[in-house]
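Coordinate analysis (summary)
Chain by chain, the residues:
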Amino acid sequence: MDVEDRFAVVGIAGRYPLAPDLRAYWQNLREGRDTSSGAPLGRPGASPLSAGQRGHFLDGAADFDADFFGLTDRRARLIDPQERLFLETVWEALEDAGCTGTRLDALTGPGGAPRGLGVFVGVSAADYSLVAAEAWAHGGREMPDSGHWSVAGRLSGLLGLSGPAQAVDTAESSALVAVHLAVGALRRGECAAAVAGGVELLLHPSRGRQGAGEGVGAVVLKPLARALSDGDHVHAVVRSTSAGTGSWTGPSGLRETRGTTARRVGDAGAVTGIAALTAAVLQLRYGVLAPARGEDTATPWPRPRDARGHELPRTAVAEVTGATGPFDAYAVLEEFVPARRPGDGSGTGTGRNEADRVDGADGIDGAGEGSGSDGVGRGELILLSAPTPGHLAATATRLADWLASDNGRSGDTTTGDERVALVDVARALRVGREARACRIALIARDLHQLVDSLREFVRSGVETGGAGGASGTHGVGADVGVGGVRYADLRTGGTDPLGLGDVPETGDYLDALWRAGRVEQLTRLWLSGLDIDWAVLESGPDASKTLVPLPPSAFLRRSLWLGGQDGTREGTEKKGASG
């Protein structure tokens, strides 16, 4: 594949009507499901629809996990729910890309500044300001930040990014224009990677209409050559983008348009373009054409062939034509078909042979001995962290449930629909995730043991201070608790008690420990709060570089609304909710 002037989708996330994540979104697309309903019940404020009208709505649009991002409830209530929703979705997309923590730090901009990630978001609605104005007229004195700039700007500030940040309003094409601007910034070298997407919520009856829609979506983009060099998982390739007037006039093929998108998620305003692009990416991934009309059914999508009969990558166009003005935009996408590794039965080197399965084990791959060459020896070092014990328990539960289900049976045609391997799960967690204050570590010999250990850890009561007697452990390392899981809570005890992070020789010391197989010492240092750049440690010539996507960290959302409507800290937490 020609990698010049092509851009890789290395991370993707979204929430759409009746779809709290992209797995559910794909199921809706495949089944041609009608996602319309009456006005959402339980949402604060006046009903956005008149009697008898139907729309396409998100669940929990007023909910947000302020603790995850270090925000107070009061501050979170003053942030437009669209902005909060986009922030959570971008974080999920970054985790899908394995681009948080030290891998995010490693994205340097043109001036060498770390975290050179651009942010481009399509957003047009401003209903929360109308809600605030009405509350002001009745004595309320809370006024949210105004202006769409903050949807991109606050995200950039919270994550300490150094790339450009821009909000776009070109009506229905907003999100696709944001993708176009992101590709341009990457092409000019203004950032090393970029997030692009859109968001739309209907929060005020002044915009209520039959068939209204909501949603949020984001993709993480990199130049294809850099993505391959960095070992990123590539969901699809962006061949070209355009914004202005005129529709796509290239070869015919799959076309995701404003019309097909409206049938699936409603008249969704600024999020229309990213909903269409995401639908195209999913169809490229699974090799299945989703029904475009209610009476259609999903059909297999064979790859095209050249004159000699050789298979070619599938291609698709996501296109939104503006209702008025020069607001047309499109993106041309191509399926990514990775080169096979010698001696590897898959396209990515991340799966195991079907014969390696353990019968009667809920579909868990029983293979997964340690890689040996990476210093781990028998078994794999599993690291997981979160900002609070509650988040850690919810994230551990989510990962265990995913591993115990049909996790690797993604249907991804680029991987041969193979199961995830323990070695790849371990590396993705070490390398691709940010280290937060509450941490667990364990050595797993196979996926069965990993699932059992995670579930036993949660049952032991980390949220209430149990965790097998290791709760609240500080200092260098932690006691081994239930299931061989070590737990450390660094929220109050400080981090890196030996001050190794300030010593320039520490990098060489950690590298020597890794090469010597001193995993016990490295584990204790990580549990003590020392920042360890696992990507650098594992960058040897024999290391497997490709990162596999894993389920994102769990959010503990609760309703946060102007005036404190259903937004008190005593409200019910929705633990582990992905939607």
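Residues numbered from 1 in each chain as written. Predicted model: local features only at pLDDT ≥ 70, side-chain atom pairs only at ≥ 80, totals over all residues. Heavy atoms only, no water.

Details of the overall build of the protein chain
Inclusion rule: Going along the chain from the N terminus, every DSSP run of H or I of four or more residues is numbered as a helix, and every run of E of two or more is numbered as a strand. Only protein chains enter the area calculation, which uses a 1.4 Å probe; residues under 20% of their type maximum are buried, those over 50% are exposed, and those in between are partly exposed. Contact criterion: two residues are considered in contact whenever any of their non-hydrogen atoms come within 4.5 Å of each other. Here the Shrake-Rupley method, with its probe set to 1.4 Å, supplies the accessible areas, and only the displayed protein chains count as covering residues.
Helices and strands together make up the secondary structure of the protein chain, namely 16 helices and 17 strands. The proportion of buried residues among the 579 residues of the protein chain is 55%. Sequence-distant contacts in the protein chain: of pairs separated by 6 or more residues, those separated by 24 or more amount to 71%. Surface exposure of the protein chain reaches about 22,400 Å², of which carbon and sulfur atoms provide 50%.

A few points about the sheet that holds strand E7 (residues 236–244)
Whenever strands of a sheet pair, they do so through backbone hydrogen bonds, lying parallel or antiparallel. What counts here: Paired strands are those between which DSSP finds at least two bridges. The axes used here are C-alpha line fits, helices contributing only the stretch in contact, and every angle between their N-to-C directions lies in the interval 0 to 180 degrees.
The strand order across the open sheet formed by 9 strands is E4-E3-E5-E6-E1-E7-E12-E11-E8, and the pairing between neighbours is mixed. The sheet is open, and its two borders are formed by strand E4 (165–168) and strand E8 (254–256), each paired with just one other strand. For this sheet, the mean inter-axis angle between neighbouring strands, taken without regard to orientation, is 25°. Inspection of the sheet shows strand E5 (residues 193–200) paired to strand E6 (residues 215–223) by 7 bridges, in the antiparallel sense. Opposite valine 199, over in E6, you have valine 216 as the bridge partner. Strands strand E1 (7–15), E5, E6, E7, E8, strand E11 (315–320) and strand E12 (328–334) of the sheet are contacted by helix H10 (residues 272–286), whose axis makes an angle of about 170° with E11.

Side note on helix H13 (residues 447–459)
Note the following rule: A helix is expected to reach a length of 1.5 Å times the quantity of its residues less one. Polar contacts here mean pairs of N or O atoms no more than 3.5 Å apart (in protein, one a potential hydrogen donor and the other a potential acceptor; neighbouring residues in sequence count only if both atoms are side-chain atoms).
Counted at 1.5 Å a residue, the expected span for H13 with its 13 residues is 18 Å, and the 18 Å between its end C-alpha atoms agrees. Check the buried side of H13 and you find it contacts strand E13 (380–386), helix H11 (389–404), helix H12 (422–432), strand E14 (438–444) and strand E15 (486–489). Capping the start of H13 is the job of one residue whose side-chain oxygen sits 3.1 Å from the backbone nitrogen of histidine 448: aspartate 446. Where H13 terminates, the next one or two residues include glycine 461, which has phi positive at roughly 95°.

Structural notes on the packing of aromatic side chains
The criterion, for reference: Each Phe, Tyr or Trp ring (for Trp, its six-membered ring) is paired with any other whose centre lies within 6.5 Å, and the angle between the two planes then decides the class: stacked below 30 degrees, edge-to-face above 60, tilted in between. Whether a charge sits over a ring comes down to the Lys NZ or Arg CZ being within 6 Å of the ring centre and within 35 degrees of the ring normal.
Here the structure, examined in full by the defined rule, presents 11 aromatic pairs. Note on tyrosine 16 and tyrosine 25: the rings are 4.3 Å apart at their centroids and 25° apart in plane angle, and the pair reads as stacked. Residue class for tyrosine 25 comes out buried when judged on its relative accessible area of 2%. Seen from their ring centres, tryptophan 514 and tryptophan 534 are 6.0 Å apart, and the 75° between their planes marks the pair as edge-to-face. In this pair, tryptophan 514 is assigned in helix H14 (residues 506–515) and tryptophan 534 in helix H16 (residues 534–537), connecting sequence segments 20 residues apart. Exposure class is identical for tryptophan 514 and tryptophan 534. Each is buried. Among the aromatic side chains, those forming a connected cluster through ring pairs are Phe64, Phe68, Phe69, Trp91 and Phe555. The ring of tryptophan 136 has arginine 141 lying over it, and the distance from NZ or CZ to the ring centre is 4.2 Å. If you follow arginine 314 out to its NZ or CZ, it ends over the ring of tryptophan 301, 5.9 Å from the centre.

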